[in-house]
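# Coordinate analysis (summary)
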Amino acid sequence: MRILILKNISTELFGTITLAGRLFHYFNKNGIDCYLSKFQESKIIDSYDYQNKVLPINYWNLKSNKNVYKNLNIDIIYCLASDDALAAFRLKKYYFKSAKIFIGVYHPRQFMVPTHFFTNYQEYLYTKIIKNIPFQNLIFMDEACKKSHQKYYKIKFNDSPIVPLPMEIKGKILEESFQKDKIVSVGRITNFKPYTFGVVRAIKKLKSEKGICFQYHIIGDGSDCIKLKKFVNAENMNEHVIFHGSIPYESINKIIMDAFCFIGMGTTVGEAAGIGLPSLVAIIDEEDVSYGLIGRLPNNILGEPGEDLELISFEKSLNNLYNLSTEEYLEEKQNSLKKSSFYAISNLADLFLNTFKNGKETKINISYLDQCLFRLAQIQFRFFLKKEYRYK
């Protein structure tokens, strides 16, 4: 089986880019022939192993790299975003006629682009793909993502597999000692991840009402970073919030391993649990509440909205955690370790491979004109989109 992971990777680090690199390395390390696309020069990819399997790609002109692709016999094309799927069907048409195309759905609104006043070409193409791809080839990261797309498209994706996010799980506590005042978050600071604002409010209230003083370390950058810094300043919390900005992935554990608590969603919260940190699962679009500690939750709860679970304020969660006895706190660390094993890539890789084996052949005609109109629609209709669908 020869796999091409298709992702428009450039200079910014997103969750799906981390996922692409993780799968790429794991498959090759374990004897699975796997290739990865690269849209432009990127320090993110330039540091990867297996550079001979990193392939240049130009979504605007797929034939510009025909010498790279024409002699490859790709069996599986795995797309990690809806935009990548358009290029996948064109690649199949030009070079890999027998390849099976799979699309991963890693956001509850991934294939949704509704406008206020009129339909748009972007939504037309998404609908075309969703209604024509074999449902076995549509991979959802969790039940919440599947349910949101079923509701939006009024389609039952009963045959679509759920494959949880694979993570690099250490499976051990990296630092036995910890700083009881240290809270950490890692991730993009963006519109649909507003929980950092809620955490700042919570620690301010805990300080004023209960005398509990936390230091909140935020690792990451994003479109709302300046807004968050202004908010911290307005709340007079500069002494309690430390912005680290974007740092190399391999350096993150050095900063977070002695933390008292981690707060985040997606891959970051699972991997933090994997080094024994009690970790609160933040929720997409929610500022002030989480699902609580990951070690106490069912499997595959990583922050998607709409789960049938209690919502707990950050203030309450942090207060409860702070007031645990030493024995109770150490038990929460062990709960985190146990839960994190569910997400280990070594436990999930075979699920990906079996899904690829069971997928079906499909042909969806996506033309160069379609690709161009799609890009123009992205620019033209961005501000006509309903606000909650603009950021993914």
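Above: the structure in question.
Just so you know, these numbers come straight off a predicted model, no measurement behind them. (Residues numbered from 1 in each chain as written. Predicted model: local features only at pLDDT ≥ 70, side-chain atom pairs only at ≥ 80, totals over all residues. Heavy atoms only, no water.)

Once that is clear, we can look at the packing of aromatic side chains. When we look at a pair of aromatic rings, we describe it by the centre distance and by the angle of the planes. Across all of its chains, the model carries 21 aromatic pairs by this definition. Look at Tyr-95 and Phe-96: their rings are 6.0 Å apart centre to centre, the planes differ by 50°, and that puts the pair in the tilted class. Residue Phe-96 is classed as buried on the basis of its relative accessible area of 2%. Ring geometry for Phe-214 versus Tyr-322: centroids 5.6 Å apart, planes at 85°, classification edge-to-face. Residue Phe-214 is found in the loop between α7 (195-210) and β8 (215-219), and its partner Tyr-322 is found in helix α11 (residues 314-322); the two are separated by 108 residues along the sequence. Following the ring pairs from residue to residue traces out a cluster consisting of Phe-178, Phe-214, Phe-260, Tyr-322 and Tyr-329. Over the face of the ring belonging to Tyr-35 we find Lys-53, whose NZ or CZ atom lies 5.7 Å from the ring centre. Above the ring of Phe-197, the side-chain terminus of Lys-227 is found at 5.7 Å from the ring centroid. (Phe/Tyr/Trp six-rings, centres within 6.5 Å; stacked < 30°, edge-to-face > 60°. Buried < 20%, exposed > 50% of the residue type's maximum accessible area, 1.4 Å probe, protein only. Helix = DSSP H or I, 4+ residues; strand = E, 2+ residues; numbered from the N terminus. Lys NZ or Arg CZ within 6 Å of the ring centre and 35° of its normal.)

With that out of the way, let us pick up helix α4 (residues 82-94). In terms of burial, α4 is a largely internal element, eleven of the 13 residues being buried. Among the residues of α4, those classed as buried are Ser-82, Asp-83, Asp-84, Ala-85, Leu-86, Ala-87, Ala-88, Phe-89, Arg-90, Leu-91 and Lys-92.

So, on to the state of the cysteines. The full count for this structure, using the stated rule, is zero disulfides. There is no disulfide at Cys-145, and the cysteine sulfur nearest it, in Cys-79, is 16 Å away. (Disulfide = S-S within 2.5 Å.)

The seven strands lie next to each other as β9-β8-β7-β10-β11-β12-β13, forming an open sheet whose pairing is mixed. Two strands lie at the open edges of the sheet, namely β9 (241-245) and β13 (312-313), each paired on one side alone. Two elements, β8 and β9, share four bridges in a ladder whose sense is parallel. Paired with Ile-218 across the bridge in β9 is Phe-243. Sitting on the sheet, α7 touches β7 (182-186), β8, β9, β10 (261-264) and β11 (279-282), and the angle it makes with β8 is about 170°. (Pairing = 2+ DSSP bridges. Contact = heavy atoms within 4.5 Å. Axes fitted to C-alpha atoms, helices over the stretch in contact; angles between N-to-C directions.)

As a packed pair, helix α1 (residues 15-29) and helix α13 (residues 345-358) sit with axes 11 Å apart at the nearest point and diverge in direction by 85°. As the angle between them shows, α1 and α13 are arranged roughly perpendicular. Across the interface between the two elements, Arg-22, Leu-23, Tyr-26 and Phe-27 of α1 pack against Ile-345, Ser-346, Ala-349, Phe-352 and Leu-353 of α13. Looking at the contact of α1 with α13 residue by residue, the class counts come to seven nonpolar, one polar and one charged. (Parallel < 35°, antiparallel > 145°, perpendicular 65-115°, else oblique. Nonpolar A, V, L, I, M, F, W, Y, C, P; charged D, E, K, R; others polar.)

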